[in-house]
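Each chain, written out:
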Amino acid sequence: MTDTAAERVLLAAGPDPAGPGASAPVPAGAEEPGLLPMGRADAVVFAVGDAERAARRYAVALGLRCTAYAGPETGEPETVSYVLRAPGTRFVLTSLVRAIGPRGRELAGHLARHGEGVIDLAVAVPDVCYAYDYAVDRGAASLAEPYEVRDAYGTVLLAAIEVPGGTRHTLVERSRYRGPYLPGYVPFDRW
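Procedures and definitions
Residues numbered from 1 in each chain as written. Predicted model: local features only at pLDDT ≥ 70, side-chain atom pairs only at ≥ 80, totals over all residues. Heavy atoms only, no water. Phe/Tyr/Trp six-rings, centres within 6.5 Å; stacked < 30°, edge-to-face > 60°. Helix = DSSP H or I, 4+ residues; strand = E, 2+ residues; numbered from the N terminus. Buried < 20%, exposed > 50% of the residue type's maximum accessible area, 1.4 Å probe, protein only. Lys NZ or Arg CZ within 6 Å of the ring centre and 35° of its normal. Expected span 1.5 Å × (residues − 1). Arc of directions from axis to C-beta. 1 Å grid on protein atoms, 1.4 Å probe; cavity = no way out; pocket = protein on both sides within 12 Å on 5 of 7 lines; lining within 4 Å. Points joined across faces, edges and corners; volume = space filled by probe spheres on them. Nonpolar A, V, L, I, M, F, W, Y, C, P; charged D, E, K, R; others polar.

Asker: What is the right way to read the packing of aromatic side chains from this model?
Answerer: For any pair of aromatic rings, geometry is given as the distance between the ring centres together with the angle between the planes. On inspection of all chains with the given rule, the structure shows 7 aromatic pairs. Judged by centre distance (5.0 Å) and plane angle (55°), the rings of Tyr69 and Tyr82 are tilted. Of the two residues, Tyr69 sits in strand β2 (residues 65-70) while Tyr82 sits in strand β3 (residues 79-86), which places them 13 residues apart along the sequence. For Tyr82, a relative accessible area of 6% puts it in the buried group. On the numbers, 5.9 Å between centres and 45° between planes, the contact of Tyr130 with Tyr134 is tilted. Separated by 4 residues within a single helix, Tyr130 and Tyr134 lie in helix α4 (residues 128-137), roughly one turn from each other. In this structure Tyr134 comes out as buried when scored by relative accessible area, which is 13%. Every member of this aromatic cluster is reached through a ring pair, and the members are Tyr69, Tyr82 and Phe188. The residue whose ring lies beneath Arg138 is Tyr134, and the NZ or CZ to ring-centre distance is 3.7 Å.

Asker: Looking at this structure, how should I read helix α2 (residues 51-62)?
Answerer: Because each turn of an α-helix spans 3.6 residues, side chains separated by three or four positions end up pointing in the same direction. Between its first and last C-alpha, α2 extends 16 Å over 12 residues, near the 16 Å set by a 1.5 Å rise per residue. Residues of α2 that are buried: Ala51, Ala54, Ala55, Tyr58 and Ala59. The arc that holds every buried residue of α2, seen down its axis, measures 130°, which confines them to one face. Exposed residues on α2 whose side chains face more than 90 degrees from its buried face are Val60 and Ala61.

Asker: Could you clarify how one ought to interpret the layout of surface pockets in this entry?
Answerer: To find leftover empty space, one rolls a probe the size of a water molecule over the atoms. Looking at the largest pocket, its volume works out to about 1,000 Å³. What lines the largest pocket is a set of 36 residues, among which Val45, Arg103, Asp120, Arg168 and Thr170 lie closest to the centre. At the level of secondary structure, the elements contributing two or more residues to the lining of the largest pocket comprise β1 (41-47), β4 (89-96), α3 (102-114), β5 (117-124), β6 (141-151), β7 (154-163) and β8 (167-173). With 6 residues, the top contributor of residues to the lining of the largest pocket is α3. Partitioning the lining of the largest pocket into residue classes produces 17 nonpolar, 10 polar and 9 charged.

Structure (structure tokens):
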């Protein structure tokens, strides 16, 4: 893997003592009317050529801890992903195994057109349905209406939008989920 914009994003991440996905408390009466209630970045997802190599490199170089994994062994035949914990967010490094469905084709297309880089900024929200409706009503393009995914750790609600400029944002509500990242991911501690 070559040095990319991903490393600049990793290095610029500021600390969040409350941890990933936590919302900063807002004093009573301080809410601005008309603003979408959002938490912090839930995850920054990168498309990379070799997810394991990139994850090892970032873990060593930046002192991040790999906490979750998804790939063919966990039921995801198209991609391999490693989740790294950083102060205030997660970084997910994903590479293609084989393009056999929409997810694999999308990732392959992104890598062919743009090379390695950010493919999604997942944002923690307290209510996915409200956040999705709010964003779409104000001009965001719908990529995926709110839907639920679950496993033995609980349930996560997700939706995806695209804002002007083509950036994908996944809206994540994980108040009923206690797993390592999202359903389909398993805890990782092999390094």
